[in-house]
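If you want the building blocks of each chain, they are given just below.
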Amino acid sequence: MIKFFLMVNKQGQTRLAKYYEHVEINKRTVLETEVIKSCLSRSNEQCSFIEFKDFKLICRRYAALLIVVGVNDTENEMAIYEFIHNFVEVLDEYFSRVSELDIMFNLDKVHIILDEMVLNGCIVETNRARILAPLLILDKMSES
């Protein structure tokens, strides 16, 4: 099960944070700081899977962004690694080459995409067309 989903830039600034288990606000900042520090300090040659406290971290870099997913010990790391790639492909399709600015200025849409893909920490949808359908409907309604 997914515990949290983080998207950060190279400077370590959190651009998106979604938690699927309750974590107090003050503990979230400490957790994010430790997680981001451990992931950003790794080189490209090192493994993308990290044992961290009582869960695993799966990290994947995309240009200036780093996506980190915290999962429990029973989750398949490769499945989450591919889930991250699928998430970025959906963002690329919607934003036509997604960038950090797209995420910052369209955070609500990024949350909608993530919510379509993950429910209560479980991946429920991977089909790009079905994930983007609600957003495309919202875009049509806002144009009208």
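Reading the values: the criteria
Residues numbered from 1 in each chain as written. Predicted model: local features only at pLDDT ≥ 70, side-chain atom pairs only at ≥ 80, totals over all residues. Heavy atoms only, no water. Helix = DSSP H or I, 4+ residues; strand = E, 2+ residues; numbered from the N terminus. Rg over C-alpha atoms; globule rule 2.2 N^0.38 Å. Buried < 20%, exposed > 50% of the residue type's maximum accessible area, 1.4 Å probe, protein only. Contact = heavy atoms within 4.5 Å. Lys, Arg positive; Asp, Glu negative; His and termini not counted. Charge placed at Lys NZ, Arg CZ, Asp CG, Glu CD. Patch = residues over 30% accessible without salt bridge, like charges linked within 9 Å, V, L, I, M, F, W, Y side chains within 5 Å. Areas by Shrake-Rupley, 256 points an atom, 1.4 Å probe, with all protein chains shown as cover. Salt bridge = Lys/Arg side-chain N within 4 Å of Asp/Glu carboxyl O. UniProt positions renumbered as here; feature names shortened; annotations may be inferred. Phe/Tyr/Trp six-rings, centres within 6.5 Å; stacked < 30°, edge-to-face > 60°.

Let's talk about the overall build of the protein chain
Counting its regular elements, the protein chain contains five helices and seven strands. Along the protein chain, helices (α) and strands (β) appear in the sequence β-β-α-β-β-β-α-α-α-β-β-α when read from the amino end. In terms of overall dimensions, the protein chain is globule-like: its C-alpha atoms have a radius of gyration of 15 Å, near the 15 Å expected for 144 residues. Referenced to the eigenvectors of the C-alpha coordinate spread, the extents of the protein chain come out at roughly 50 × 30 × 30 Å. Counting across all 144 residues of the protein chain, residues that qualify as buried make up 40%. Residue pairs in contact within the protein chain that sit at least 24 positions apart in sequence constitute 48% of those at least 6 positions apart. Separation of charge centres in the protein chain, based on 17 positive and 22 negative side chains, amounts to 3 Å.

So, a nonpolar patch on the surface
Taken together, the side chains of Leu101, Met104 and Phe105 present a nonpolar region at the surface, about 330 Å² in accessible area. With respect to the helices, strands and loops of the structure, methionine 104 is situated in helix 3 (residues 100–105).

Section: the UniProt feature "domain: AP complex mu/sigma subunit" (unreviewed entry) in the protein chain
Cross-referencing UniProt, the feature "domain: AP complex mu/sigma subunit" (unreviewed entry) maps to residues 1–141 in the present numbering. Summarising residues 1–141: 47% helix, 26% strand, and an end-to-end C-alpha distance of 34 Å.

Concerning the packing of aromatic side chains
One pass over the full model with this rule turns up seven aromatic pairs. Relative to phenylalanine 83, the ring of phenylalanine 5 has its centre 6.2 Å away and its plane inclined at 75°; by these criteria the two rings are edge-to-face. With phenylalanine 5 in strand 1 (residues 2–9) and phenylalanine 83 in helix 2 (residues 77–95), this residue pair connects regions lying 78 residues apart in the sequence. With a relative accessible area of 1%, phenylalanine 5 lands in the buried category. With a centroid separation of 5.8 Å and 85° between ring planes, the pair formed by phenylalanine 49 and tyrosine 81 is classed as edge-to-face. Taken as a pair, phenylalanine 49 in strand 3 (residues 49–52) and tyrosine 81 in helix 2 lie far apart in primary sequence, 32 residues in all. Phenylalanine 49 sits in the partly exposed class, given a relative accessible area of 28%.

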